[in-house]
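Summary of the model geometry
Chain residues, written in single-letter form:
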Amino acid sequence: MGAVHARTVASSPLIDVVAVADTDTAAAASVAGEIGASPSSTIDRLVDVSGIDAWLIATPTSTHPALVRQAVQAGVHVLCEKPLSLDVTDSGRLGEEAHAAGLLLQIGFWRRFSPPWATAKRLIDSGAIGKPLMVRLSQWDADPPPASFCDPAKSGGLAIDCGVHEFDLAEWFTGRTVQRVTSFNLPLVDQSLATVGDVDNLVAVLEMGDGVVATVDLSRNCRYEDDVRTEILGENGAIFVDLLPTGRTRLATAHGVDVVAGSETDDAFSVGILRQAEAFARAVAGENVDIPDADASTRAVKVGWAIREAANGTPVDV
Ligand SMILES: NC(=O)c1ccc[n+]([C@@H]2O[C@H](COP(=O)([O-])OP(=O)(O)OC[C@H]3O[C@@H](n4cnc5c(N)ncnc54)[C@H](O)[C@@H]3O)[C@@H](O)[C@H]2O)c1
């Protein structure tokens, strides 16, 4: 993911990527060479480089808290991959530390910046479908990563590693917070996941208050391609968001079902990654930009832990 960010961000006229650090020296050298940045085997060496405004952190989730603290101590803004921390108390603390230092701490919820989802949010906020009543969110990955990565203690497992994007969207679209969850694990497909206590498919129901409900289904074995689909049903219509075969938003009302102008994107993932970084750069430059912060990650991780606890179908308060 770090290489994806580095290559994508390097194409932006708003951002100069000056250095790439990775404990794997060959990886740092290869990506830095590609984009004309300096390679470094440790982030420590970047602390003394003057003129750096921000770090983008895309290391394994367990390393985020220490690296974010290092950035805050170095006085640089941070765009950190999701989730900020698996520990919700520490996640809140990290947000407070960055805030106290006057630094931005943005979390990598890229869907919020990708045209199909950003268009859906603009339509909801403009009242195009009335009050949202239900959100249906699917994230289906083609194949699972190794069991060692799926280990809930390391990445949060399916419910957190994959789920946080969807929980964040459910709250962002409805303007509500998740109150209670019920979840069901489907029969295990990749038996190696049993060794680390994770699953490869689950379906969860998220109660958002006042009867508003989101359903989230996550898979690591759809086989065709990593896919994301979102549907929002409102009082007066619906919005459908697709990633495949190309990104697009459709608005469905009594007048028919139409693709929304400006929402179509061949690679909604890459465009989302680019626009996320550019929103961050604009916020660093002092513009008033709505960015997902530490609280958004903390809440999404809380929902993920509740879903793991609720996996036998018993509702769990968040
Ligand atoms: N937003 C998304 O859609 C998305 C998708 C994939 C991964 N991610 C997130 O990105 C992060 C990285 O995931 P990944 O799949 O790329 O992991 P990865 O294991 O493939 O890569 C991590 C890289 O970080 C390096 N590294 C480890 N510790 C380091 C340290 N202390 N300092 C510098 N470099 C260090 C490793 O050498 C490796 O090159 C995770 O937090 C994951 O949740 C987000």
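This report concerns the structure included in the present document. Counting starts from 1 at the beginning of each chain's written sequence and moves along it residue by residue. Since the coordinates come from a predicted model, pLDDT governs what is reported: local features require at least 70, and pairs of side-chain atoms require 80 or more to be given and counted, while whole-chain, interface and lining totals use all residues. Hydrogens and waters are ignored; side-chain quantities use all the structure's heavy atoms.

**Re unusual backbone geometry**
Between Lys82 and the following residue, Pro83, the backbone shows a cis peptide bond with an omega angle of -20 degrees. In this description a helix means any DSSP run of H or I spanning at least four residues, a strand means any run of E spanning at least two, and both kinds are numbered starting from the N terminus. In this fold, Pro83 is placed in the loop between β4 (77–80) and α5 (88–100). The omega torsion across Leu244 and Pro245 is -5 degrees, close enough to zero to call that bond cis. Its identity is not glycine, yet Arg223 carries a phi of approximately 75 degrees, on the positive side.

**Notes on the pattern of salt bridges**
A pair is scored as a salt bridge if a Lys or Arg side-chain nitrogen falls within 4 Å of a carboxyl oxygen belonging to Asp or Glu. All chains considered together, the criterion is met by 19 salt bridges. Among the salt bridges present, the one from Arg112 reaches Asp168, with a minimum N-O distance of 2.7 Å. Pair noted here: Arg112 is in the loop between β5 (105–107) and α6 (115–125) and Asp168 is in helix α9 (residues 157–174), with a separation of 56 residues, a long-range link. The exposure classification of Arg112 matches that of Asp168, with both residues buried. Between Asp242 and Arg250 there is a salt bridge whose closest N-O contact spans 3.4 Å. Buried residues are those whose accessible area, probed at 1.4 Å on protein chains only, stays under 20% of the maximum for their type, while exposed residues exceed 50% and partly exposed ones sit between those limits. Using a relative accessible area of 22% as the deciding quantity, one classes Arg250 as partly exposed. A single network of salt bridges, built from pairs that share partners, joins Arg69, Asp90, Arg93 and Glu97.

**Topic: the nonpolar core**
One finds Val68, Leu105, Trp117, Phe173, Val181, Leu206 and Ile307 to be the most contacted residues of the largest nonpolar core, which totals 66 residues. It is α9 that contributes the most residues to this core, ten residues altogether. Other than its neighbours up to four places away in sequence, Val68 contacts Ile57, Val78, Cys80, Leu84, Leu94 and Leu105. Here, nonpolar core means buried Ala, Val, Leu, Ile, Met, Phe, Trp, Tyr and Cys residues that are tied together by side-chain atoms lying within 4.5 Å of each other. Counting six residues, the second largest nonpolar core, distinct from the first, contains Val9, Ile15, Leu79 and Ala281. Residues count as neighbours in contact if any of their non-hydrogen atoms are within 4.5 Å of one another.

**Observations regarding the site of the ligand**
Neighbouring residues of the ligand: 15 residues in total, closest Met1, Asp22, Thr61, His64 and Lys82. Between N or O atoms, a polar contact is any pair within 3.5 Å; within protein, one atom must be a potential hydrogen donor and the other a potential acceptor, and residues adjacent in sequence are included only when both atoms are from side chains. A distance of 3.0 Å separates an oxygen atom of the ligand from a polar atom in the side chain of Trp110. Notes on the ligand: free accessible area 860 Å², of which the protein chains cover 70%. Here the term charged refers only to Asp, Glu, Lys and Arg, the term nonpolar to Ala, Val, Leu, Ile, Met, Phe, Trp, Tyr, Cys and Pro, and the term polar to all other amino acids, Gly among them. Of the residues assigned to the shell around the ligand, the class counts are four nonpolar, six polar and five charged. Residues are counted as near a molecule or strand when any one of their heavy atoms sits within 4 Å of it. Areas reported as accessible are Shrake-Rupley estimates using a 1.4 Å probe. Residue values count occlusion only from the protein chains shown.

**Section: the pairing of strand β9 (residues 213–219)**
Among the seven residues of β9, five are classified as buried, and the element is accordingly described as predominantly covered. A pair of strands is labelled paired if DSSP reports no fewer than 2 bridges between them. With seven bridges connecting them, strand β6 (residues 132–140) and β9 associate as parallel partners. Within β9, the residue paired with Val135 across the bridge is Ala214. With seven bridges connecting them, strand β8 (residues 201–207) and β9 associate as antiparallel partners.

**A look at the environment of Pro292**
Residue placement: Pro292 occurs in the loop between α10 (268–284) and α11 (294–309). By relative accessible area, Pro292 is classed as buried at 1%. In the structure, Pro292 is positioned twelve residues away from Phe280 in sequence and 9.8 Å away in space, judged by C-alpha atoms. Excluding anything up to four places from it in sequence, Pro292 contacts Leu105, Gln106, Ile107, Phe109, Arg112 and Phe113.

**Examining a negative patch on the surface**
Residues enter patches when their relative accessible area tops 30% and they take part in no salt bridge; the joining distance is 9 Å for like charges and 5 Å for the nonpolar side chains Val, Leu, Ile, Met, Phe, Trp and Tyr. Here Asp and Glu are counted as negative and Lys and Arg as positive; His is not counted, and neither are the chain ends. The atom standing in for a charge is NZ when the residue is Lys, CZ when it is Arg, CG when it is Asp and CD when it is Glu. A surface patch of like charges, here negative, comprises Glu96, Asp290, Asp293 and Asp295. Looking at where Asp293 falls in the secondary structure, it is placed in the loop between α10 and α11.

**Observations concerning helix α1 (residues 2–10)**
Burial in α1 covers these residues: His5, Ala6, Thr8 and Val9. Its buried side turned inward, α1 meets α2 (25–35), β3 (54–57) and α10.

**Notes on the packing of helix α4 (residues 64–74) against α5**
All axes are obtained by fitting lines to C-alpha atoms, using only the stretch in contact for helices, and the reported angles, taken between N-to-C directions, cover 0 to 180 degrees. Their axes nearest at 10 Å, the elements α4 and α5 cross at an angle of 10 degrees. Here α5 runs roughly parallel to α4, going by the angle between their axes. Contacts between α4 and α5 pair Pro65, Val68, Arg69 and Val72 from the former with Asp90, Arg93, Leu94, Glu97 and Ala98 from the latter. Looking at the contact of α4 with α5 residue by residue, the class counts come to five nonpolar, no polar and four charged. Should an angle fall under 35 degrees it is called roughly parallel, over 145 degrees roughly antiparallel, and 65 to 115 degrees roughly perpendicular, with every other angle called oblique.

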